[in-house]
Amino acid sequence: MQEIRGNDIGMIFQDPMTFLNPILKVGTQIEEQILRHTKCSKKEARERAIELMKKVGIPSPEKRIDQYPFQFSGGMRQRIIIAIALSCNPKLIIADEPTTALDVTVQSQILELLQQIAEETGTAIIMITHDLGVVATLCQKINIMYGGQIVEHGTTDEIFYNPKHPYTMGLLRSIGTHTNGERQSLIPIPGTPINLLNMPKGCAFCPRCEEAMKICIEEQPPEMKMPDGHFASCWLNVKAAMEEEKGGRQ
């Protein structure tokens, strides 16, 4: 496995207005990263900043490089953050809810930009999000987390079309859908999120799971490989496998 160092990782935060320094020009903030992590002159850093602004779709970057964050829209500020993340040619970008503060149209533009960057540069992107629409659009592999642990992981198709953990199923049911031209009501997951300071002995999702068994309260479920190749950690799958094996012996 190739080692990833600190300066090999770019970070895209969800709120561009609080991430960017309001009293510094956007060009200064991009150039700062370049000067800190690469060997180049101030002039070269400025040229690189203009190039990055152009790459992420900022119009007239030669002029806008000397403007302040408040002179940019929310979508344009997020593009500046993406430019900062790309400034040192990272092997990996971590995008933490990068479209949360943006309207739907701008969200689509930012997602298209991230996809384009990944394809053109070969940079891997880890997307942290609650928006399953974003996941379906951008991701090839998915890790479903609950209570600070990965409870299911696999390809996008495996997770969306063959979920095997009750939490994953609950997430998918909580998306409003259209059937025969009519919008179907979403089904929320019952209960409240787990308190990470008071984790249960067994499965963290057990208090909210409608199919919980006694063993779920007492022991954490093992990770189990599903027939299609993806993995899930749930006692229901263990039970189903045991019943299938028992039926095969009869």
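Above this note sits the structure.
Predicted, not measured: the structure shown is a model, and the values here were computed from it.

### Re the sheet that holds strand β1 (residues 9–12)
(1) Moving on: The three strands are arranged β1-β2-β3 in an open sheet whose pairing can be described as parallel. Where the open sheet ends on each side, the last strands, each with one partner, are β1 and β3 (124–128). Between one strand axis and the next, the sheet turns through 15° on average, direction left out of account.
(2) Moving on: The sheet contacts of helix α5 (residues 74–86) involve β1 and β2 (92–96), and relative to β1 the element is tilted by about 170°.

### Examining the state of the cysteines
(1) Moving on: Under the definition given, this model contains zero disulfides.
(2) Moving on: Here Cys209 is not disulfide-linked; the sulfur of Cys234 is the nearest cysteine sulfur, at 6.2 Å.
(3) Moving on: What makes Cys209 buried here is its relative accessible area of 17%.

### Here we look at helix α6 (residues 104–121)
(1) Moving on: Between its first and last C-alpha atoms α6 spans 26 Å; for 18 residues at 1.5 Å apiece the expected length is 26 Å, and the two agree.
(2) Moving on: When α6 is considered as a whole, its buried residues turn out to be Val106, Gln107, Ile110, Leu111, Leu113, Leu114 and Ile117. The buried residues of α6 occupy one face: seen down the axis, they fall within an arc of 155°. For α6, the exposed residues lying more than 90 degrees away from the buried face are Val104, Thr105, Glu112, Glu119 and Glu120.
(3) Moving on: Looking at the buried positions of α6, the neighbouring elements they touch are β1, α3 (42–55), α5, β3 and α7 (132–138).

Rules used throughout
Residues numbered from 1 in each chain as written. Predicted model: local features only at pLDDT ≥ 70, side-chain atom pairs only at ≥ 80, totals over all residues. Heavy atoms only, no water. Pairing = 2+ DSSP bridges. Helix = DSSP H or I, 4+ residues; strand = E, 2+ residues; numbered from the N terminus. Axes fitted to C-alpha atoms, helices over the stretch in contact; angles between N-to-C directions. Contact = heavy atoms within 4.5 Å. Disulfide = S-S within 2.5 Å. Buried < 20%, exposed > 50% of the residue type's maximum accessible area, 1.4 Å probe, protein only. Expected span 1.5 Å × (residues − 1). Arc of directions from axis to C-beta.

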